[in-house]
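Tertiary structure, described
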Amino acid sequence: MTPVTTDVFALASHPAKADPALIGPDERHFAALAASLEHSVADLTRRLDEARRAPGGTGQAAMDRDLEVHRLTARLRLLRRFSLDLCLGRMVPADGSDPVYVGRLGLTDAGSRLLVDWRSPAAEPFFAATHARPHGLASRRRYRWTRGRVSDYWDEVFSADGLEGHAALDDQSAFIASLGASRSPRMRDVLGTIAADQDAVIRASSRGALVVDGGPGTGKTVVALHRAAYLLHADPRLGAGRGGILVVGPHQPYLAYVADVLPSLGEEGVQTCTVRDLVPEGATAGDEADPEVARLKAGAAMVAAVEPAVRLYEEPPTEGLEVDTPWADLWLSASEWREAFESPDPGTPHNEARDEVWESLMEILLDKVDDEVPVRALRRTLAQHPELTDTFHRAWPLIEPTDLVGDLWSVPAYLRMCAPWLEPDQVRSLQRADPQAWTVADLPLLDAARLRLGDPEESRRRRRRDAALAAEREQMADVVDHLVATDDSEMRVMSMLRVSDAQSIIVDEAAQPAADPDLLAGPFAHVVVDEAQELTDAEWQMLLRRCPSRSFTVVGDRAQARHGFTESWQERLERAGLADVSISTLDVNYRTPAEVMAEAEPVIRVALPDANVPTSVRRSGVPVTHGPVAELERVLEEWLATHAEGTACVIGHPSYRAPARVRSLSPVLAKGLEFDLVVLVDPASFGTGIEGAVDRYVAMTRATERLVVLTRG
């Protein structure tokens, strides 16, 4: 925990700002905040200990206890992590009322409001105020925290009255002034410096799909993650009990880079993943080598082929069957087969519906015998009848998703039946020697098959569970019979145990083992998708399946689409299945220096003349330098020697063994990340056309301070 102190300001580098007249009110407020935090930590610790010692209980009581332990733990962790630097800044209302301090969470003490939660409506002016629209503020102060102390602060004044009591005002906002800070392996904490254009997107309604369209450095990712935290707080429809939020990123380095953002905002229950993570086969799937095959599999029509592929295994026998039993020969007609096959409710997964179909068959056959026939014995006989069970297994088999999709790529006739729109040469191109050598392009079909089929083990688990419960009930019935027989009380109270409700309490059905839940299966109340310009229509189906409400935050940049993005966001998303689409554009580049953008802009304009290239708001004073590849080691050694902090990245040299604070990445894996120094190695080798131009543009715009371009020859 950061040491609590009322000596909060460490302004040796800014002596003019250390005037007691400027920081005295803040010191007094921080003293009250420190005392309240100490009390809150002690109180939360006590309550958490009590909750952990409390009896676990069963059912809803156990769930409520676990939720309370989780809630207390999360809040306690946040308080211990930040302490006084929970406070982001303060705003002074123009009406002369007391300053309002804004924090990562709300905090009150004895009825006094010490911090206003940044997500609350009361905090909105702190982020949204501009000189054109001050939102009722006279001034705003933002703090920069370093190791638990305020190392700097910035005052912004929105009215003439607000000038009183301020140091010489900075000519840049806190956001701009902080952009030159060194980068680290994790995304920096920028909550205190959210800009007005970004805040407007963060607080937008969760209804429908909101596209956050912005070029490099506009803070798209920052907006997306803070929007997730805001919506969880502000929109009761999105809480964990109602599905929660899923954040989908482009690759694992991105997830590692942003891993700390949501926990730092007090949100630890948000699921994060890549598209690969949505299906087990994604971990080892390779790229699709044939561009034409990749194009065919990228369409929603190919995903739709899964449905007829499954239906072919749900066709009832067209001929009747005579089932002989010790009691009678029973006729099962074709219409009765059809009746049983139509019995599952719509939407029931194939493998799970199989038990329902079998049970319907049993009911049809049981209705054909007299009441004198023992039901259990007849059921056992039918379950062991070779011709009946064989016919049923062939007509409605258990199917693995991998087998279903693999058959599409190995049985041409099957593929033609399921996707009749394919041309003969396209059917041939989709066939492969190893049908289960999965590629990334296969993942949407595997996902659709897994959803449509359900877990093939579920039927077996259900039968084992039912058998275990039946055995437990039979054992309990013997115990109850014994207790009743030996009960000599006047009111014969033990006879009450024969009541079915009493026996259901004694036999705990919830105690039976169940399958581990798939945390990424959904449904989710809201989905955030970063670098969404790269998603195919087929991959969009994977996400739409997990969000029935169609509530999305779609973050991307058409100019960074490696395979081109000629249509509008509206057209792309409507084709994918999202009808209610609104677009917010971010066009201010807060990250990339103007020197870098001056070289990067022509690169993308050649391939995409109408690209949304944002305007940089700052200059680093460091020009882009060029040289031969042989200078790579010298460039890095000099930079490391002169920069005690920060990170660098070599892009385009896959065999390079990077030292500490330096990474070596491909242009694809660098997307979404940022580094103080970026060294491009032989950018001409990135390829030609739109893909090569996008890779060069993305790689160049990862730099926040310096860009070095090294070429061969």
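Above this text is the structure in question.
Attention here is on the structure that accompanies the text. (Residues numbered from 1 in each chain as written. Predicted model: local features only at pLDDT ≥ 70, side-chain atom pairs only at ≥ 80, totals over all residues. Heavy atoms only, no water.)

The subject of this paragraph is the overall build of the chain. Counting its regular elements, the chain contains 27 helices and 21 strands. Residue burial in the chain is summarised as follows: out of 713 residues, 51% are buried. Within the chain, contacts between residues at least 6 apart in sequence are counted, and of these 70% link residues at least 24 apart. A total accessible area of about 33300 Å² is found for the chain, and carbon and sulfur atoms account for 53% of it. (Helix = DSSP H or I, 4+ residues; strand = E, 2+ residues; numbered from the N terminus. Buried < 20%, exposed > 50% of the residue type's maximum accessible area, 1.4 Å probe, protein only. Contact = heavy atoms within 4.5 Å. Areas by Shrake-Rupley, 256 points an atom, 1.4 Å probe, with all protein chains shown as cover.)

As a further point, take the pattern of salt bridges. The tally for this structure, following the rule as stated, stands at 41 salt bridges. Between Glu156 and Arg140 there is a salt bridge, and its shortest N-O distance comes to 3.1 Å. Placement of Glu156 in strand 6 (residues 149-157) and of Arg140 in strand 5 (residues 137-146) is noted, with a sequence separation of 16 residues between them. With respect to burial, Glu156 and Arg140 carry one shared label: buried. Several salt bridges share partner residues, and in doing so they unite Asp26, Arg90, Arg141 and Asp155 into one network. (Salt bridge = Lys/Arg side-chain N within 4 Å of Asp/Glu carboxyl O.)

Our next topic: the pairing of strand 10 (residues 321-324). The alternating pattern of strand 10 places Leu321 and Val323 on a buried face, while none of Glu322 and Asp324, on the opposite face, is buried. Summarising the sheet, strand 10 and strand 11 (residues 329-332) pair through 4 bridges and their orientation is antiparallel. For Glu322, the partnering residue across the bridge sits in strand 11 and is Trp331. Between strand 10 and strand 11, which pair antiparallel one after the other, the connecting turn spans 4 residues. (Pairing = 2+ DSSP bridges.)

In this section: helix 16 (residues 401-408). Within helix 16, 6 of the 8 residues are buried, which leaves the element mostly enclosed by the surrounding structure. Buried residues of helix 16: Pro401, Thr402, Leu404, Val405, Gly406 and Leu408, and no others. Next to the buried residues of helix 16 lie helix 11 (306-311), helix 17 (412-418) and helix 19 (443-453).

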